[in-house]
Amino acid sequence: MQFVLASASPARLTVLRQAGVDPVVRVSGVDEDAITASLPGASHQDLVTALAEAKAEAVVDGVAAEFPDSVIVACDSMLSLNGDILGKPGTPERARQRWADMGGNSGDLLTGHAVIRISGGQISGSVAGWESTVVRFDKPTEEELEAYIATGEPLSVAGAFTIDGRGGWFVESIDGNASSVIGISLPLTRRLLAEVGVRINDIW
């Protein structure tokens, strides 16, 4: 059985490899902004789950043809802070503003997960879920923040921070699963895989 990660995230790939799984990567390329705009009334939890489902569904046809016995896992992460849902900032200006709100504050890092099982080239099961982890942020100095933004790291990650990179210097603590903050919750993924008949030891 082939494990397929429908994500371009190197952090998610690293988490899986460190946990004994070496997936094939197939990037979905879905328009996250368009999906978000189409769900104006969705809760933050439902939004990240819908985005994960869209990513998994976008690669199904190609994966089914290439790997008729496989399982697809897709994820999407966002930071829920002060009633707002924050994805990738994209620009230094937005990252700077995000950290003005985040520094000394706490938020919920939400990660949606979607799993699709393919058997004999056909979808035989699908399931989705989400996980929330509280992240408490320290307050970087202005000099530290400018240096962090200049690395480019916070521009392309949910909430403008990483816990496993330079951003980890500014994370005071978390309540919840660390791998979910990185981008994929191993415990939740294991439970979702079991729901479609895949044991984790089958893909080690």
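Residues numbered from 1 in each chain as written. Predicted model: local features only at pLDDT ≥ 70, side-chain atom pairs only at ≥ 80, totals over all residues. Heavy atoms only, no water.

Caption draft 1: Representation of the layout of surface pockets. For the largest pocket, the calculated volume is near 500 Å³. Residue lining of the largest pocket: 27 residues in total, with Ser9, Arg12, Lys88, Ser156 and Val157 positioned closest to the centre. When contributions to the lining of the largest pocket are tallied by element, the ones reaching two or more residues are helix 1 (10-18), strand 3 (70-81) and helix 6 (178-182). Considering each element in turn, the lining of the largest pocket owes the most residues, three residues, to helix 1. Of the residues that constitute the lining of the largest pocket, the class distribution is 13 nonpolar, eight polar and six charged. Roughly 240 Å³ of internal volume is contained in the second largest pocket. (1 Å grid on protein atoms, 1.4 Å probe; cavity = no way out; pocket = protein on both sides within 12 Å on 5 of 7 lines; lining within 4 Å. Points joined across faces, edges and corners; volume = space filled by probe spheres on them. Helix = DSSP H or I, 4+ residues; strand = E, 2+ residues; numbered from the N terminus. Nonpolar A, V, L, I, M, F, W, Y, C, P; charged D, E, K, R; others polar.)

Caption draft 2: Examining the environment of phenylalanine 67 more closely. The residue phenylalanine 67 is located in the loop between helix 3 (44-66) and strand 3 in this model. Spatially, the C-alpha atoms of phenylalanine 67 and valine 48 are 26 Å apart, while their sequence positions differ by 19 residues. Setting aside chain neighbours within four positions, we find phenylalanine 67 in contact with Gln2, Val4, Val24, Arg26 and Ile118. (Contact = heavy atoms within 4.5 Å.)

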